[in-house]
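# Structural description and commentary
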Amino acid sequence: MTIKELVKLLNKIIEAIAELMLTKPRLKLKGSTIKEYIPSVSGFLFVDSFKGDLINYEPKSSDIGVVIIAFNRKYYIKGAIDSVLNQKVDKLTFTITVVKNFLDDDIDEYINKNHINNIYTDDSSLGYKILLGVIFTNAPIICFLEDDDLFVENKIKIVYNKFKENENLVYYHNSMIPINDENKLLTRWYKQENGILIGNQESELKIIKRLIRFGGHNLSSINVSRDIILRNSKMFLNSTYNLDYATLLLAFGYGGLILSDSDKLTYYRSHNSAIHINDVNYESFIDRNCDGHKGAFITLSNLREFIGVKNLHLEKIYQSMLSENSIYQSFYCDLPSSVSIIDYIFLFRYRLDIKNYLIHFVILLLCKYKRFSKIKLKLLEYYYKNYLALQNRRLI
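Only a predicted model underlies this, so the values are computations on that prediction, with no experimental measurement involved. (Residues numbered from 1 in each chain as written. Predicted model: local features only at pLDDT ≥ 70, side-chain atom pairs only at ≥ 80, totals over all residues. Heavy atoms only, no water.)

Okay, the state of the cysteines next. For the coordinates displayed, the defined rule picks out one disulfide. No disulfide involves cysteine 367; its sulfur sits 9.9 Å from the nearest other cysteine sulfur, which is in cysteine 333. By relative accessible area, cysteine 367 is classed as buried at 13%. (Disulfide = S-S within 2.5 Å. Buried < 20%, exposed > 50% of the residue type's maximum accessible area, 1.4 Å probe, protein only.)

As structure tokens, then:
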């Protein structure tokens, strides 16, 4: 072996060692260690509720943070991460934190190599994953991203500027671009909304209704003050469903400005493996809707002590949302309805959509009276067939 060849070999060895050092986790904390670490990051005292492993964590502060949530799926997560890594941000600094319920050598190596906070937990609660991600993302503004969605290449910069331009902004919901598995655009089914900017004490009912109708859907379109999540940590710790709308309602209670506009900054994916697409059969469709509305009702019930708003209109809208979930829980779970027909009539003014209100009222009557049981079954079958047809159209 010549000296030149020996030098090349040594260089390769040095490069290999350097690569190993880069991909090696900065901190490897297992099991109960995460409980000891959380108070120093967040100040929380109820650490017995936390469980999971910090596979990689680099303590640093940044202008804005992105929390990516993954549950079971591995196929899309690298694409989601790349959509954040490839952001055009100029001099902005941002932190990425991935929270997932699986370990995968290839994915974990990719995450660690890119200096991304990597958290594993086997807890199935979405709220817990959100909270854990926010705790370990030291940035005043948090953007959420579910593993099967993507960010538009300049989203982070635009979101940051929205918060800078509106000093008291605490919650921003951007619009989305529907895509399928091949990243082809789907334009037939999502209605856009023009910009709405209001304070938490806004008294005009029409504006509040529009904001809640369009400004709470899809976690990957939500950008929020980190402090809102931390202040309401116990609510997130115990909730799984409807956390996009719950975050919006919490922002009302927090105070400050709330913005929803038509800037399309998120690619929202409809695909066969998504939890809301192509259930196997009628029974699984019924079971999923039963579980979903039970969970949504629990989340909304938990919200009552956290919202803390003095806005009468918002309180009535909240009551109507609670009643609606209770009605659907009765409908899909075949339970007697606890919603009073008279009380629901008085909530007519506060419904977000009059057409849906009338449908819910009919469902309430079907659940109240056993003589309508055959009609109720026919309606469930109709919902199932209509659901399948809708999902098939969304994938075109």
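The subject of this paragraph is unusual backbone geometry. Among all residues except glycine, the phi angle is most often negative; among peptide bonds, the trans geometry is most common. A positive phi angle is found at asparagine 183, which is not glycine, with a value near 65°. In this structure, asparagine 183 sits in the loop between β7 (169-179) and β8 (196-199). Residue classification places asparagine 183 among the partly exposed positions, given a relative accessible area of 45%. (Helix = DSSP H or I, 4+ residues; strand = E, 2+ residues; numbered from the N terminus.)

This next bit is on the environment of aspartate 353. For aspartate 353, the position within the fold is in the loop between α13 (341-346) and α14 (354-368). Counting along the chain gives 143 residues from aspartate 353 to arginine 210, while the straight-line C-alpha distance between them is 9.3 Å.

With five of six residues buried, strand β5 (residues 141-146) is to be regarded as a mostly interior element. Sheet topology places strand β2 (residues 64-70) next to β5; five bridges connect them, and they run parallel. Opposite isoleucine 68, over in β5, you have leucine 145 as the bridge partner. Across three bridges, β5 lies against strand β9 (residues 222-225) in antiparallel orientation. Its bridge partner being in β9, cysteine 143 is matched across the sheet by asparagine 223. (Pairing = 2+ DSSP bridges.)

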